[in-house]
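Here is how the chains run, residue by residue.
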Amino acid sequence: MSAPQAIGVDVGGTKIAALRVSAEGTVETRATRRTPAADESATLSAIDDAVEEVRTDAVVAIGVGAAGLVDVRRGVLLSSPNLSWRDVPLRERLLSSFGLPVTVDNDATAGAWAETVLGASRGVANSLFVGVGTGIGGGIVQDGRLVRGAHGFAGEIGHLIVEPNGPPCGCGNLGCWEQVASGQAIARAGRVDVVARPDGAIAGSADGDPARVTGELVTEAARRGDGTARSILAAVGLRLGQGIAGLVNVLDPEIVVVGGGAGEAGDLLLEALRDAFHDAVEGVDVRPDVPIVAAALGNDAGAIGAALVAMERSGA
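Residues numbered from 1 in each chain as written. Predicted model: local features only at pLDDT ≥ 70, side-chain atom pairs only at ≥ 80, totals over all residues. Heavy atoms only, no water.

What follows concerns the sheet that holds strand S10 (residues 136–142). In spatial order, the strands read S11-S10-S9-S12-S13; together these 5 strands make up an open sheet with mixed pairing. Strand pairing shows two members of the sheet lacking a second neighbour, strand S11 (145–146) and strand S13 (292–294), which therefore form its edges. Pairing analysis gives 2 bridges linking S10 to S11, with the strands arranged antiparallel. Note on S11: the bridge partner recorded for Val141 is Leu146. Lying on the sheet, helix H8 (residues 227–251) is in contact with strand S9 (127–132), S10, strand S12 (255–259) and S13; it crosses S9 at an angle near 155°. (Pairing = 2+ DSSP bridges. Helix = DSSP H or I, 4+ residues; strand = E, 2+ residues; numbered from the N terminus. Contact = heavy atoms within 4.5 Å. Axes fitted to C-alpha atoms, helices over the stretch in contact; angles between N-to-C directions.)

Counted residue by residue, strand S6 (residues 76–80) has 4 buried out of 5 residues, so it is predominantly covered. Here strand S5 (residues 69–71) hands over to S6 after 4 residues, with Gly75 in that stretch at a positive phi of 70°. As paired strands, S6 and strand S7 (residues 85–88) are joined by 3 bridges and run antiparallel to one another. Residue pairing across strands places Leu77 opposite Val88, the latter belonging to S7. (Buried < 20%, exposed > 50% of the residue type's maximum accessible area, 1.4 Å probe, protein only.)

Let us look at the sheet that holds S5. Across the sheet, 3 strands lie side by side as S5-S6-S7; this open sheet has antiparallel pairing. Both outer strands of the open sheet, S5 and S7, are each paired with one neighbouring strand and no more. Between one strand axis and the next, the sheet turns by 15° as a mean value, whatever way the strands run.

Attention now goes to the side chain of Thr103. Inspection of the secondary structure assignment puts Thr103 in strand S8 (residues 102–106). Setting aside residues up to four positions removed in sequence, Thr103 forms contacts with Ile62, Gly63, Val64, Ala306, Val309, Ala310 and Arg313.

Across the chain, the average pLDDT comes to 93, with 99% of residues at or above 70. Looking at the elements of the chain, mean pLDDT is at its lowest for S7, recorded as 87, and at its highest for H8, recorded as 97. (pLDDT = per-residue confidence, 0-100.)

What follows is the structure, given as structure tokens:
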């Protein structure tokens, strides 16, 4: 009989990733789909398709990590700013489709747990996970346990207002942290550069079309040495570091783990982030060092964490 496995699904604003994961956290296989974010029905179908592609008889449970406010008890995604969803019964939908136990969690909370069990914060009792993708999500571990708060919504760090009257956010506010320090901010600055520098590296990669610019495209230009792309990442790193300093002041973690797609930019982003953190955190001369590190599990952390939680709750 095959050892039990679980499927973890990370539902983000641009991509859906379904990973079949062993009890030890090894990724056995994966499937990805683009997220048709404006179409709830199409997104649910894409989730079903991705799960079906990786499902085998060894799978005993399905875990979903979704960006937004999640009612963990009922398995309902109450709202998701970058998906424009409200009251989506994800557990009910997947249970109906596959007949397996289903858990639904916030994606960054799931990522925090994966890094605690297997990754960069393994063996650390108090940590902060900052997932930087289309938006910004957070996961908090204190005394070795996930912090969920009174209603299960703890960790919604991306919606702290840091720039009043700044860029509009999908949550309905203006100037949220994720609007100035996430993949959206990188892409927005890249689009401005395409217009300003039609002969520049970013414009060349985007075939001169600002609408084709993504955070990943700007990051690739930075890796190739483009000075403007590197400046964009440094500016976003600055805003990330300032925000993380405030969170460290509040939470006092032992380590900060930066994950998500933008987190994979590595030192192109993290060097500016660490410098800004050092300049902004309270009591830097007396505070014990708080390492800020890239997620060991990379962009897979959310899906792996969702799978681990689902397997644990299934009793397998």
